[in-house]
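# What the coordinates show
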Amino acid sequence: MNRMEASTRSPQDTVQQIAGITESTIIRYFDTLNTENYQACANLFATDGVMYPPFEEGIVGREAIASFLQREAQGMKLEPERGISQSVEGDLEVQVVGKVQTPLFGVNVSWFFLLNSQQEIAATKIKLLASPQELLSLKR
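Owing to the predicted nature of the structure, the values given are computational and were not obtained by experimental measurement.

### A look at the pattern of salt bridges
Within this structure, the stated rule accounts for 2 salt bridges. The partner of Arg-62 in a salt bridge is Glu-120, and the shortest N-O contact between them spans 3.3 Å. In this pair, Arg-62 is assigned in helix 4 (residues 62-72) and Glu-120 in the loop between strand 5 (106-115) and strand 6 (121-128), connecting sequence segments 58 residues apart. Where Arg-82 meets Glu-81, a salt bridge forms, and the shortest distance between an N and an O atom there is 3.5 Å.

Take a look at the structure:
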């Protein structure tokens with residue numbers, strides 16, 4: 001989907017709220033991914049922010065994250081359900097659980113975010129919540 005098509009996706013593609021979460025950076029993370037605006041999503045990260053996708057090494061920096069998302073996140077629909085957050089030494093730790101639907105399968109997911117004092121994503125780790133048998137069936 002190109003940028004023009006992404007901007008015409010329906011309003012239900014955006015996340016209105018996540019139970020227990022009020023941080024706008026976290027809500028925008030899900031909104032930008034669901035509307036396939038990968039550069040805007042990457043811009044939510046600190047300059048040296050890191051994304052840890054399932055089965056991948058850490059991806060460092062906004063441009064690398066945007067490029068990765070462009071390649072790997074096409075057609076995904078993120079459905080965050082609920083989360084919790086806590087302040088730790090000036091940073092904010094946020095955990096969100098929900099589902100991801102891809103064109104081929106759906107899976108339960110947990111996202112762990114670390115937000116710095118500027119409300120930028122310093123790191124996020126995405127973990128699939130599936131049984132070993134389910135994970136083997138997802139292997140490429």
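### Re the sheet that holds strand 2 (residues 59-60)
The sheet built from 6 strands is open, its strands ordered 2-1-6-5-4-3 with mixed pairing. Of all strands in the sheet, those bounded by a partner on one side alone are strand 2 and strand 3 (77-88). As paired elements, strand 1 (residues 45-52) and strand 6 share 4 bridges and run parallel to each other. Bridge pairing in strand 6 places Phe-45 opposite Ile-121. Its contacts with the sheet place helix 2 (residues 24-34) against strand 1, strand 3, strand 4 (91-101), strand 5 and strand 6, and it is angled at close to 135 degrees to strand 5. Strands strand 1 and strand 2 of the sheet are contacted by helix 4, whose axis makes an angle of about 40 degrees with strand 1.

Reading the values: rules and limits
- Residues numbered from 1 in each chain as written.
- Predicted model: local features only at pLDDT ≥ 70, side-chain atom pairs only at ≥ 80, totals over all residues.
- Heavy atoms only, no water.
- Salt bridge = Lys/Arg side-chain N within 4 Å of Asp/Glu carboxyl O.
- Helix = DSSP H or I, 4+ residues; strand = E, 2+ residues; numbered from the N terminus.
- Pairing = 2+ DSSP bridges.
- Contact = heavy atoms within 4.5 Å.
- Axes fitted to C-alpha atoms, helices over the stretch in contact; angles between N-to-C directions.

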